[in-house]
Every structure is written in C-alpha cells, then in structure tokens.
Amino acid sequence: MRAAVLRAYRADLSIETLPDPSCEEDGVVLKTLACGVCRSDWHGWVGEHPRVKPGQIPGHEYCGEVVEAGPRSGWKVGDRLIAPFILACGSCPACQSGQSNTCFDQRLPGFIEPGAFAEYIAVPRSAQNLTRLPESLSPVMAAGLGCRVTTAWHALTGRAAVQAGEWLAVHGTGGIGLSCLLLGQALGARVIVVDVVQEKLDHALSLGAEAAVNARDGDVAAKIREITGGLGAHVSIEALGLEVTTNGSIDCLRPLGRHVQVGMPVGHTATMQINMNTVYMKNLALYGTRGMPAWRYPSLLGLIEAGRVDIRPLIAREIGLSAASAELRAFDGPTPPGVAVISDFLS
C-alpha cells in the first residue's frame, strides 16, 4: 500500500510503499476513503506528542470500506464505517460505565499504531467502536467529523451540558472551534468566537456566530463581558491548548460558568499557569475532554441526518496524500478557515 510515514520531526512525510496491514480476529481492514488532517497530527509531526515516534503513519480521522473482516469483528466486506480515534477495550471499568473515551487500555491508530495516511488501515476492536457510515454522509464529510466534531459534541453535551439561550464563547476557530460554533447553534446557544485571524472571524460570522472578538485588539474577557451585558459567558471552550487562550476562556466566564479544555496541551504547553483565583472567586467548573464514547455517535449522526446541523462549511479543501506535509506545516502559524481532508491516496 501507499502510505505517508513520519521519518523525522518537522520533515516532509515520506511517501512509501509498505506491506498491506493484517486483520486481527476482532478487527477489520479498511480501504481508506478519506482522512482528515488535524492539529493533533501536527503535534506528533513536530515532536511534541509524547506517543508519536519516527516511523509512525499519522492519521486518526478516517472512514473506510471493509476489505477484510475478522471472525469476531461484527462487520462484513463492503461495509462503510466511521472510526473514533480512541479504540476502547469494552471491558474495563471506564468502558463498562459508558466512558469509553477514558478506557484504561486504549489503542490509538495514528499515534501508537499505524494510522490512516495510507491506502489501507487495520482497525482492531471494531465491533464495539466502529459505526456504519450513513448513506446521506459522504466519506469526506465523515472524515471531517474526525475527532473535531465528535470531541466538540461531547464537550458541549457530555461535559458542559450547554442549554438553549446560554452564551457560549469559543476560543480558536479551527476545526474544533468551527464545530463548536455549528453544534452550539444547533443546541440554541448564542455563540461568540475569538481568534487572531480576521478572515476566520468573518467566516465564523457568515456561519451565524452572534459576535466575534479579535484577540489582537486587547482584553478578550472584557469584550465578552460587554457583549453579554456585563456578566460573561455561561460556557467557554478553549480549542487551541495554549496558556493565553485557556486563561482568556476562564476569565470570560460569569459566576458558576463552565470552562471546557478541548485544545490539547502537550510539549511546551503541557504545564500552564492558571488564574485559580478567578476559578475560586466565581465558583467556576473546569472540565477536560478528549474524544467521545463510541455509543454517542448515533446522537450526533442523527442531528446531521435530520438537517439540524450542516458540517459542510468545515471542509475547506480535499487534497492528495502527498499534500499532507504542506497542511501540517501550515499549522505552524495562523491557518485559513476550514480543514483539509485527504481523499486521494494515489497522488
């Protein structure tokens, strides 16, 4: 198979011909139909992700068609499936309690095991983790869901429990941020977006954001309090994993507000100085979130199939496999609106 391989940090991925993956008893082998390029892939590419080592095939936002099915997989050849990026065991206490995204024995294609920047990918534990691709959803759209839309959905509904009419501040308008905007609107929230790129703010406003704040213009929290009648946001999402935006997210909340850390703090951002006095004085709740339990896919897919949310604005461009390196490099600075999805694995 043709695959893109990380051979050295910050170097172009090496396009190589590798042996096709083998199928485990409880797994499937998918022909990769599409795979998103995510900021988490960038963290591995630059060497900040502690689990990603040279020799890794990146790619964790994928969907595909079954070309081989193990006897305990629960699927058959020809099925089109979506995979979460966390493949849970199904039997540990976390899985048994319904919190499979915190599984004690996770398997992680794209981070530890070969990922989906390749023509084929082996996916173990497929019975309890994979979900059928709805006919109304294209593979590119499904890959666009990736970890960004699923993580955003769980952050808003499984962690912060956003309610209709609440003010929702979203710090960062990349894939996660745009997902929070679109899903927050579907839930009836009033969404304020924050970024340093005016083009991305304008894009978010065109998608229905109620207000936009350019962080280059000064005190973000003060501007959000002004927009919300002096009180602050009910819920705030940090979608970048940076200290400055995390503190901005906490500071912009009203008393009893809820902060959700969605951006991944790794490498030099893994440890932050946080204004805990604000947390204390305002009685704030701080949530972390990563991924989404696989059993929650139907609630999200049902929302999309019913037409209550349109995720098409997330997808900015379809690319070939050899263009993945350029997309990773782009994450070194402010990126344009939307995300890239690999849909051609032969170019």
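Residues numbered from 1 in each chain as written. Predicted model: local features only at pLDDT ≥ 70, side-chain atom pairs only at ≥ 80, totals over all residues. Heavy atoms only, no water.

As annotated in an unreviewed UniProt entry, the chain carries the name Alcohol dehydrogenase and comes from Falsigemmobacter faecalis. Entered under Cofactor (unreviewed entry) in the UniProt record, the comment concerning the chain runs "Zn(2+)". According to the UniProt record, the Sequence similarities (unreviewed entry) comment for the chain reads "Belongs to the zinc-containing alcohol dehydrogenase family." (UniProt positions renumbered as here; feature names shortened; annotations may be inferred.)

Novice: I'd like a rundown of the overall build of the chain, residues and numbers included.
Specialist: When you go through the chain residue by residue, the secondary structure sums to 11 helices and 15 strands. In terms of principal-axis extent, the alpha carbons of the chain reach across some 60 × 40 × 35 Å. Residues classed as buried in the chain amount to 57% of the 347 residues present. A separation of at least 24 residues holds for 71% of the contacts in the chain among residues at least 6 apart in sequence. Counting only carbon and sulfur atoms, one obtains 52% of the accessible surface of the chain, whose full area is about 13800 Å². The distance from the centre of the 29 positive side-chain charges to the centre of the 33 negative ones in the chain is 4 Å. (Helix = DSSP H or I, 4+ residues; strand = E, 2+ residues; numbered from the N terminus. Buried < 20%, exposed > 50% of the residue type's maximum accessible area, 1.4 Å probe, protein only. Contact = heavy atoms within 4.5 Å. Areas by Shrake-Rupley, 256 points an atom, 1.4 Å probe, with all protein chains shown as cover. Lys, Arg positive; Asp, Glu negative; His and termini not counted. Charge placed at Lys NZ, Arg CZ, Asp CG, Glu CD.)

Novice: Could you give an account of the UniProt feature "domain: Enoyl reductase (ER)" (unreviewed entry) in the chain, naming the residues involved and the relevant values?
Specialist: Mapped onto this numbering, the UniProt entry gives "domain: Enoyl reductase (ER)" (unreviewed entry) at residues 10-342. Its end C-alpha atoms 19 Å apart, residues 10-342 is made of 29% helix and 23% strand.

Novice: Describe the environment of S206, listing the residues and the values that go with them.
Specialist: Note on placement: S206 falls in helix α6 (residues 198-206). There is a polar contact of 2.5 Å between the side chain of S206 and the backbone oxygen of H203. (Polar contact = N/O pair within 3.5 Å; in protein donor to acceptor, adjacent residues only side chain to side chain.)

Novice: Go over the environment of E226 with me, naming the residues and quoting the values.
Specialist: Examined against the element boundaries, E226 turns out to sit in helix α7 (residues 220-227). As for E226 and E16, which are separated by 210 residues in sequence, their C-alpha atoms are 54 Å apart.

Novice: Could you give an account of the pairing of strand β9 (residues 190-195), with specific residues and numbers?
Specialist: For β9, a buried count of five out of six residues is recorded, marking the element as mostly surrounded by other parts of the structure. Looking at chain direction, strand β8 (residues 167-171) and β9 are connected through five bridges and run parallel. Opposite L168, over in β9, you have V191 as the bridge partner. In this region the chain leaves β8, passes through helix α5 (residues 175-186) and returns to the parallel neighbour β9; the handedness of that crossover is right-handed. The sheet contact formed by β9 and strand β10 (residues 211-214) spans four bridges and is parallel. When the bridges of β10 are listed, D195 appears paired with N214. In this fold, β9 hands off to α6, which returns the chain to β10; that crossover is right-handed. (Pairing = 2+ DSSP bridges. Right-handed = clockwise from strand over helix to strand, strands pointing away.)

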